[in-house]
Every structure is written in C-alpha cells, then in structure tokens.
Amino acid sequence: MNEESLLVRDMIFPLILCRQNGEGTVELVEFLGTGFLIGNKNYALTAGHVVNVNISVNTAIVAMFVGDDCKWRVQDAHIVAIHPKEDIALLLIGGDHTKKPNFQPCLDKQYSGFQYKLFGYPQVNFYENTETRDMCGRVLGRPDMIFSEGHIRRRTSWELLNIKGTQLYELSTPVGKGCSGSPIFRIVNNVWLAVGVYIADQVKTINVEHYDKNLEWKIDFIEFPGELSYATRMDAIENWQVNEHSKFTDFI
C-alpha cells in the first residue's frame, strides 16, 4: 500500500441512517458512527451498537464516501452479521471498493504499551459548520474526519460496566461519540493493519442528592467523560462463526 497515494477517506467512512425521498435523494435521519473497509471484497467492520438501530419504511443504513468531484456519495451498508457477544459488526458495502487499498486484519495479540493510530468521525464535529443550512434553516450535517493516537494500557477478558463484550483493549485516549467503529491500527511496510475496533469512551457517574422543585428529596445521576476508552480486540473474532457456513476470516 502506497501511503503517498492513499486517501484515508476511501477506507474509513461515516455511517448514517437516512430516508429516501423522491427523485433518488436522501435525507439524514441520524448520524450513527464510523466504519472501515477490510480485505478486498467490499466488506467492512464497525461497532455492533452503531448499526443496532430500528430501520423503518424508506430508511436505510448507508456509508458515505467522497467522490472524485469532492462531493459526498452514499452506498448501501448491508448488515452481514452482528457478533453475539462482542461489540462488532460485519457489513457489505455497495459500490466497487475492491481496487482500493483497504485495511488488513491483524489477528496477533497486542499488549500494554502498543502504540496505535485512529481515524474517525466524531459526532461533536458533525454540526459545527452552521453556515450551511437547508431551505427550512436547519444546519446540514457534515462529517469531518479526525486523527488520534495513543497506546494500549492493558488487555482485558472480563466484563466492564456499561461496555459490551469482554475481549477488550483499554486505550489511553478517548475520541468521542461517533468514532465508535473506527479502526485501531498500525502501519507495517505500508500495510495498514487493524488490531481492534473502537467501541466506547469511558463514562464516569456521580450521584447527586438534592431537593427537586416540589421540595422532595431525590437522587440524580450525572455522567461525564472519563480519561480512557475501549476497543474490541481483533484477535477475539478470529474464530467468529458469521453464519453456518463461514467464519469471519472467510470474508477477508
């Protein structure tokens, strides 16, 4: 893979829930998160909770890519499978992505001190450009990719509070909601190797006891971001039985 000619946006994409309107146009319903192409067969990975949404009539999950004209285009994102225990999902993306360099899975175990990189689409940046609005004056969402990096603090194999799955990397750097589904990767000999899938920021909760407006004593819970984050380990899905005929490795 040639880093000089590589466009990261061709491999890592935003996922949205959209509604189809007349004349082939689509309307944003909800920004979901991030996904990335893996292997050379149009398959992709994301966090399982990203695509675990209700799909109604005329709505669909789509992946967004930037075309040669620098405008956003959408492609169908078909859910192949969501892992029953770990927070990860396998997708099939429409269009032709087989000729582009994509991530390769790294099924080797990683440990404390491993230096990783990340690209993703945080939700906090989605509506920050208030100058672009529709006819009703609503701000139009625009995904914007960010880069981050950090290190693996430890690997875990047990349940953690509010985190799906047990086969995790605890990471040093949170990047925010919307980056769920981003690849945790390293580059070796120009090959981009995904070692995990970003799934959650740490959330801390404190209890606040107070009187409400009716002067009744109550307890509220306040959540705020922690200093850590988590990723599903790629080595944990090596033997993932996606369907009765195929394992995860058959799709890449």
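Let me begin by describing the structure that accompanies this report. These figures come from a predicted structure and were not determined experimentally. (Residues numbered from 1 in each chain as written. Predicted model: local features only at pLDDT ≥ 70, side-chain atom pairs only at ≥ 80, totals over all residues. Heavy atoms only, no water.)

Side note on the pairing of strand β9 (residues 146-157)
- Where strand β8 (residues 115-120) lies against β9, 6 bridges are found, and the strand directions are antiparallel. Residue pairing in the sheet places Lys-117 in a bridge with Glu-149 of β9.
- Of the strand pairs in this sheet, β9 and strand β10 (residues 167-171) are connected by 5 bridges, and their pairing is antiparallel. When the bridges of β10 are listed, Arg-155 appears paired with Tyr-169. (Pairing = 2+ DSSP bridges. Helix = DSSP H or I, 4+ residues; strand = E, 2+ residues; numbered from the N terminus.)

Description of the nonpolar core
- Membership of the largest hydrophobic core comes to 29 residues, with the highest contact counts inside it found for Leu-45 and Phe-103.
- Core analysis: the second largest hydrophobic core is formed by 23 residues, Leu-32, Ile-61, Leu-160 and Ile-199 among them. (Core = buried A, V, L, I, M, F, W, Y, C linked by side-chain atoms within 4.5 Å. Buried < 20%, exposed > 50% of the residue type's maximum accessible area, 1.4 Å probe, protein only.)

Here we look at the sheet that holds strand β4 (residues 59-66)
- In spatial order, the strands read β1-β2-β3-β6-β5-β4; together these 6 strands close into a barrel with antiparallel pairing. When the angles between neighbouring strand axes are averaged without regard to direction, this sheet yields 45°.
- In this structure, strand β5 (residues 72-82) lies alongside strand β6 (residues 89-93), joined through 5 bridges in antiparallel fashion. Across the sheet, the residue bridging to Ala-81 is Leu-90, located in β6. (Axes fitted to C-alpha atoms, helices over the stretch in contact; angles between N-to-C directions.)

Focus on the pairing of strand β3 (residues 43-46)
- Burial along β3 is two-sided: the residues Tyr-43 and Leu-45 and Ala-44 and Thr-46 are all buried.
- The pairing of strand β2 (residues 26-37) with β3 spans 3 bridges and is classified as antiparallel. Paired with Gly-35 across the bridge in β3 is Thr-46.
- As consecutive antiparallel partners, β2 and β3 are separated by 5 residues, and within that stretch Gly-39 has a phi angle of approximately 75°, a positive value.
- Two strands pair when backbone bridges link them, and β3 and β6 are joined in this way by 4 bridges, in the antiparallel orientation. Its bridge partner lying in β6, Ala-44 is registered against Leu-91.

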